[in-house]
Structure formats: structure tokens, C-alpha cells
Amino acid sequence: MSNIVIKRAVSNITEKTSIFTPIVEAVVNSIQAIQAGTEKNGLIQITLKRNRQLDLEGTQSSRGIEEIRIEDNGVGFNNENQESFDTLYSELKIADGGKGFGRLTYLKYFNHVWVESTYKANDSS
């Protein structure tokens, strides 16, 4: 078993990334999950939650985006996808242009990341 210092791996992500990189990564993962599934009506829902606060004049002003939620009805984290997610530099999606470290870009740009998945195994959830 190898050990990885996640903090250093995140800091080594190149300057060619931006705050949008993990969002694009999540949407691409959603598209791939839908393509890999059997759902005829693929759906990706992106929700932005803004932090609203009263300013000194008593009017509401936006203080930025507090939460980004990306949901899809794709295949989810089956055993193969979960193992790939848990493996730094996984080769599962290399043929599709995957680099195997996209989830680390989440950690570079966001304070909190929550990944939740439900999938069917043998026709049950």
C-alpha cells in the first residue's frame, strides 16, 4: 500500500486550472455517468446557492456563491467507479481524456466537497 500526502498532491496541480476546472470535471463525470447507464432521459441539474446578506443600507447584496450542487441520473458509483475515484491517477477513463486526478481540483478550489452516490446492483438500490 502506498501513502500519498494529499496536501502536496493538491498543491502540485498546475496553474492551467481555475475555479471552473472542478465544475467542468463534475459535469463531464455526470455526462459520462449518463452515457454509461440505461436511462433514456439523462438529466443533469446544476444548482447555485448564493449567500445573501444585508449591506449597510439594509438592502440585500450577494456575497458570492455558497454552494454548487451537480446532480445527475447516471450510473453512480458502482464498484468499478468507486475504486477509480479512490485511486489517484486511475486509468479507468483515460481513453475518454480522463487524467485520474480531477477530484483533487475540488480540494484546490473549494473548502468543502461532498460526493454522494446511489446506484443499483442486481436491480436494487
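Just so it is clear, the structure is predicted and the values come from calculations on it, not from any experiment. (Residues numbered from 1 in each chain as written. Predicted model: local features only at pLDDT ≥ 70, side-chain atom pairs only at ≥ 80, totals over all residues. Heavy atoms only, no water.)

Once that is clear, we can look at a nonpolar patch on the surface. The grouping of Ile 31, Ile 44, Ile 46, Leu 48, Ile 65 and Ile 68 at the surface amounts to a nonpolar patch, some 470 Å² of accessible area in total. Contributing elements (two or more residues each) for the nonpolar patch: β1 (44-54) and β2 (60-72). A per-element tally of the nonpolar patch places β1 first, with three residues. (Patch = residues over 30% accessible without salt bridge, like charges linked within 9 Å, V, L, I, M, F, W, Y side chains within 5 Å. Areas by Shrake-Rupley, 256 points an atom, 1.4 Å probe, with all protein chains shown as cover. Salt bridge = Lys/Arg side-chain N within 4 Å of Asp/Glu carboxyl O. Helix = DSSP H or I, 4+ residues; strand = E, 2+ residues; numbered from the N terminus.)

Looking at the protein as a whole, its pLDDT mean stands at 82, while 86% of the residues score no less than 70. The secondary-structure element of the protein with the lowest mean pLDDT is helix α1 (residues 6-11), recorded at 79, while helix α2 (residues 21-36) shows the highest, at 91. (pLDDT = per-residue confidence, 0-100.)

Within the secondary structure, Gln 32 is located in helix α2. Given the relative accessible area of 16%, Gln 32 is considered buried. Setting aside residues no more than four positions away along its own chain, Gln 32 makes contact with Lys 93 and Asp 96. (Buried < 20%, exposed > 50% of the residue type's maximum accessible area, 1.4 Å probe, protein only. Contact = heavy atoms within 4.5 Å.)

All buried positions along helix α4 (residues 102-109) are accounted for by Gly 102, Arg 103, Leu 104, Thr 105 and Tyr 106. Where α4 is buried, its residues meet α1, α2 and α3 (79-85).

This brings us to the packing of aromatic side chains. This structure, assessed with the given rule, holds one aromatic pair. Aromatic pair Phe 77 and Phe 85: ring centres 5.1 Å apart, planes at 45 degrees, arrangement tilted. Sitting over the ring of Phe 85, Arg 103 keeps its end group 5.5 Å from the ring centre. (Phe/Tyr/Trp six-rings, centres within 6.5 Å; stacked < 30°, edge-to-face > 60°. Lys NZ or Arg CZ within 6 Å of the ring centre and 35° of its normal.)

What follows concerns the side chain of Thr 105. Relative to the helices and strands, Thr 105 resides in helix α4. Thr 105 has contacts with Ile 13, Thr 21 and Pro 22, leaving out every residue within four places of it along the chain.

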